[in-house]
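Structure assessment
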Amino acid sequence: MITARQSRAARALLGWTQEQLADEARVSLTALKRLESESGLEVYETTRDQVRRAFEANGILLLNSDQGIGVMHVQAKNISKG
């Protein structure tokens, strides 16, 4: 499950506004603002899933471990055939 902090951090890594993420994830801006709110507002799981998928499609890995949560931006390696 993506957290509010992970979403904000991932957006920062990609240089996206909330409007851009809402468009990429195909969710309403209101739903995204609810997801990124620290006040614990209810968000549909489908909204969280669509946001997660949009990030993953753009190289963001969501990290969850016993040591904490975070995000990582990975870029595909260019493999040249020669």
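Everything that follows concerns the structure shown earlier in this document.
What you see is a predicted model, and the numbers here were worked out from it, not measured in a lab.

Before going further, it helps to examine the overall build of the protein chain. Within the protein chain, the regular secondary structure consists of four helices and two strands. Of the regular secondary structure in the protein chain, the N- to C-terminal order runs α-α-α-α-β-β. Principal-axis analysis of the C-alpha atoms gives the protein chain an extent of 50 × 30 × 20 Å. When the 82 residues of the protein chain are sorted by exposure, 32% land in the buried category. When contacts within the protein chain are restricted to residue pairs at least 6 apart in sequence, long-range pairs at least 24 apart make up 56% of them.

Enumeration over the complete set of coordinates arrives at one aromatic pair. Residues Trp 16 and Phe 55 carry aromatic rings whose centres are separated by 6.1 Å and whose planes lie at 20° to one another, so their mutual orientation is stacked. Remark: Phe 55 occurs in helix α4 (residues 45-57) and Trp 16 occurs in the loop between α1 (4-14) and α2 (18-25); sequence separation between them is 39 residues. When its relative accessible area of 14% is taken as the criterion, Trp 16 is described as buried.

Rules and cut-offs
- Residues numbered from 1 in each chain as written.
- Predicted model: local features only at pLDDT ≥ 70, side-chain atom pairs only at ≥ 80, totals over all residues.
- Heavy atoms only, no water.
- Helix = DSSP H or I, 4+ residues; strand = E, 2+ residues; numbered from the N terminus.
- Buried < 20%, exposed > 50% of the residue type's maximum accessible area, 1.4 Å probe, protein only.
- Contact = heavy atoms within 4.5 Å.
- Phe/Tyr/Trp six-rings, centres within 6.5 Å; stacked < 30°, edge-to-face > 60°.

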